[in-house]
Amino acid sequence: MRFVDIHTHLMPEVDDGAASVLESLEMLRFAHERGTRAMVATPHMFASFGNTDPLTVYDGFVSMVRRLERLGNGDQKGFIREMALYLGSENFVSPEFLEALKGRNVLTLNGSRYLLVEFPPFLPFETASAAVDRILEVGLIPVLAHVERYDFLERKPKRLAGLRSRGCVVQVNAESIVDLKGRGVARAIAPFFDAQLVDLVASDGHDVHSRPPNLDAAFGTLSAAYPESSVAAWMWENPARILHDRGVLSG
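All of these numbers come straight from a predicted model, not from anything done at the bench.

Enquirer: Would you take a moment to explain the pattern of salt bridges for this structure?
Expert: Charged atoms that come close allow side chains of opposite charge to pair. Applying the stated criterion across every chain, the model contains nine salt bridges. The salt bridge partner of E99 is K102, with a shortest N-O separation of 3.1 Å. Here E99 and its partner K102 are both found in helix α3 (residues 95–102), three residues apart, which amounts to about one turn of the helix. Notably, a salt bridge pairs R164 with D199, separated by 2.7 Å at the nearest N-O pair. Placement of R164 in helix α5 (residues 157–165) and of D199 in the loop between α7 (185–194) and β9 (200–202) is noted, with a sequence separation of 35 residues between them. Judged by its relative accessible area of 22%, R164 is partly exposed.

Enquirer: Looking at this structure, I do not really get the sheet that holds strand β3 (residues 44–45). What am I missing?
Expert: The strands making up a sheet are joined through hydrogen bonds of the backbone, oriented either antiparallel or parallel. Spatially, the six strands line up as an open sheet ordered β3-β5-β6-β7-β8-β9, and their pairing is parallel. Each of the sheet's edge strands pairs with one partner strand only, and the pair in question is β3 and β9. Sheet analysis places strand β6 (residues 114–118) next to strand β7 (residues 141–144), joined by four bridges and oriented parallel. The residue bridging L115 from the neighbouring strand is P142, located in β7.

Conventions and cut-offs
- Residues numbered from 1 in each chain as written.
- Predicted model: local features only at pLDDT ≥ 70, side-chain atom pairs only at ≥ 80, totals over all residues.
- Heavy atoms only, no water.
- Salt bridge = Lys/Arg side-chain N within 4 Å of Asp/Glu carboxyl O.
- Helix = DSSP H or I, 4+ residues; strand = E, 2+ residues; numbered from the N terminus.
- Buried < 20%, exposed > 50% of the residue type's maximum accessible area, 1.4 Å probe, protein only.
- Pairing = 2+ DSSP bridges.

Laid out in structure tokens, this is it:
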């Protein structure tokens, strides 16, 4: 498979993801071995890590790519040349984010109209809905990161359907699908998949140990339960369409 992973914390030393470029390298190796061929670095912005300036984040991404290219000159690291790397950000909905949004001073996914956004888990639905309106008003498309985490959407497919009908794109974390931590999350989000309310799956990978960039296990789980065309849309077709600023396919 050639998975496209649009939500990772691949950039080193900017948030709670990779701690060094060597760890970034290991994340790339891990993902490549499991079928991923494109990854988007989406560092946390407007959260508790001090990342608020898109230009600074962009410079850090360019530096990471150059360092990875130097590391990839060895014969044993040819996988780096097979991995397409892109830049985006995971934007925490906060007053700082909403202020930056007014001037579209935010990093979208590969410069597209698609903006990956994260909500505080216990945010009231009305507040989240108002933030969605603000994003849409400036001409951007909200990509709702890991929707399975939000209390305001838990077992509420009608709310999710409403957000999606307004133009939001829905992302689920791969780990939640296979339920590695035994939290029952996979069962809770099954209705979202059954009702065709999910647009894409991403890893939200932070490292190679506790939160790895692994899409392969989710692919196996989904392939056993859903049509091939739906799984393809979730795992590589829609993520690729987002990176090229095209409309997503219905699952």
